[in-house]
Each structure stands twice: as structure tokens, then as C-alpha cells.
Amino acid sequence: DGPQRGVWTWPSPLIRAAAAAMDLERGDAKPVCAEGAAKAVGLVLSGVKYMLSTVLTAAAVAFVCFGVATGEAVLQLPPAANYLILVFVLVLLAYLEGLQVAILALEAQDGELFRATHPRAHRLHSLVTRGVNVQRFLVGRQFYVVFVVFLCSQVTTFPDIERPSWLPGFLWFALVQT
């Protein structure tokens, strides 16, 4: 099949997908159907959404790294210590959230199904699901989550950082001071 001579080829897969929903053979770009046009618009909007969210996430990570590196954090430690604390608390938070999902998903499962193949997991499952141990775990986990988020906020809050002159005041207020 390949491109034909004199036929316009689209450089981007996103644009190709949008063009596939249109009747471009006649050159009049009329939608083949309303559903196809809506699908093309949805693809374009999804691409814009993903690009914008990626840029905003990268900017937020860069801002936090800049604030920690310049020593502007509320927690007055050397930047290297603040970076280590930040990585530690983010990993700990991920483990805490993963444990919650795992325990709640396995709470109603029958542990006898894996007793022979995974005896250690069976013993742990029996311990966790006995009595009100799941509720106890969830209360303890919530305590740790509050502590971890508090510590993370101490490392990633920069109350005295100066607004760059090139950044409009309303944008600084909306993105940083709120």
C-alpha cells in the first residue's frame, strides 16, 4: 500500500487517527460519520490532556527538586538529607497503600486454597483475618499515612521561596501558594 505520489501523508499517529475518521480521498474532509468525528476529536483531546498533565507533573517535580536543593524547605536539614527523607517517605507511602489494597482484597478470600503451596502466606492470612485484626491494621496504617504525609509536607513546603520575576503573580499564587 504505502504512500502514493501526490497524496499528503500525516506525520503524527494522533493526526493519522483523526484523519482516518474523515473522508480525505476526495479532499473535502467531510466526516465519514458523526461517531468517527467524535472519536477523532476525543483522540486529539486525550493527546492534549496527556501532554499538558505530563508538562505540569514535570514542572511540579522540578519545582520540588529546586526548592529542596536551594535549602528552602521547612525542615531545615542539608538538601541531601531532605532528598533521602523524601524518597524514603514516598516509598513508605507506596508500601502502606499497597498493603491496604492487598489486605482488603484478600480479607474475604479462603486461605485454604493456598495452604499447601504457600504455607507462610496462609499463616499470615490466618493471623490478619482473625477477629478485628484487619480493622486494627487499617487504623495503624492510617496513623502511619498521616505521619508520612506530614513529614513529606515538611520537606516539600517552601514558605520563603521568592517568585521569579518572569512568572505572573496570579499564576504563582494559584500553583505555589495554595
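Residues numbered from 1 in each chain as written. Predicted model: local features only at pLDDT ≥ 70, side-chain atom pairs only at ≥ 80, totals over all residues. Heavy atoms only, no water.

**A short note on the side chain of H122**
Link 1 in the chain: Mapped onto the elements, H122 comes out in helix α4 (residues 119-128).
Link 2 in the chain: Within the local environment of H122, its side chain forms a polar contact with the side chain of E112, the two groups lying 3.2 Å apart.
Link 3 in the chain: Not counting the four nearest positions on each side in its chain, H122 is found in contact with G111, E112, F114 and R115. (Helix = DSSP H or I, 4+ residues; strand = E, 2+ residues; numbered from the N terminus. Polar contact = N/O pair within 3.5 Å; in protein donor to acceptor, adjacent residues only side chain to side chain. Contact = heavy atoms within 4.5 Å.)

**Considering α4**
Link 1 in the chain: Looking only at α4, the buried set comprises H122, H125 and V128. Viewed along the axis of α4, the buried residues span an arc of 130°, placing them on a single side of the element. Counted as exposed and oriented over 90 degrees from the buried face of α4: R120, R123 and L124.
Link 2 in the chain: Looking at the buried residues of α4, the elements they touch are α3 (79-106) and α5 (133-156). (Buried < 20%, exposed > 50% of the residue type's maximum accessible area, 1.4 Å probe, protein only. Arc of directions from axis to C-beta.)

**Notes on the layout of surface pockets**
Link 1 in the chain: There is about 420 Å³ of room inside the largest pocket.
Link 2 in the chain: Looking at the largest pocket, it is lined by 16 residues, and the ones nearest its centre are A59, A60, F63, L175 and V176.
Link 3 in the chain: Contributing elements (two or more residues each) for the lining of the largest pocket: α2 (34-69) and α6 (169-175).
Link 4 in the chain: Across the lining of the largest pocket, the residue classes break down as 15 nonpolar, no polar and 1 charged. (1 Å grid on protein atoms, 1.4 Å probe; cavity = no way out; pocket = protein on both sides within 12 Å on 5 of 7 lines; lining within 4 Å. Points joined across faces, edges and corners; volume = space filled by probe spheres on them. Nonpolar A, V, L, I, M, F, W, Y, C, P; charged D, E, K, R; others polar.)

**Comments concerning the packing of aromatic side chains**
Link 1 in the chain: Considering all chains together, one arrives at 3 aromatic pairs under this definition.
Link 2 in the chain: Consider the rings of F63 and F158, whose centres lie 5.6 Å apart with planes at 75°: the pair is edge-to-face. With F63 in helix α2 and F158 in the loop between α5 and α6, this residue pair connects regions lying 95 residues apart in the sequence.
Link 3 in the chain: On the accessibility criterion, F63 (25% relative accessible area) is partly exposed.
Link 4 in the chain: Ring geometry for F143 versus Y144: centroids 5.6 Å apart, planes at 70°, classification edge-to-face.
Link 5 in the chain: Accessibility expressed as a relative area gives 57% for F143, which makes it exposed. (Phe/Tyr/Trp six-rings, centres within 6.5 Å; stacked < 30°, edge-to-face > 60°.)

**Details of α3**
Link 1 in the chain: When the terminal C-alpha atoms of α3 are compared, their 40 Å separation across 28 residues agrees well with the 40 Å that a helix rising 1.5 Å per residue should span.
Link 2 in the chain: Within the span of α3, buried status applies to N82, L86, V89, L96, Q100 and I103. (Expected span 1.5 Å × (residues − 1).)

**Looking at the side chain of H125**
Link 1 in the chain: Here H125 is to be found in helix α4.
Link 2 in the chain: Its relative accessible area of 12% is what places H125 among the buried residues.
Link 3 in the chain: What H125 contacts, discounting residues up to four positions off in sequence, is L106, E107, Q109, D110, G111 and F114.

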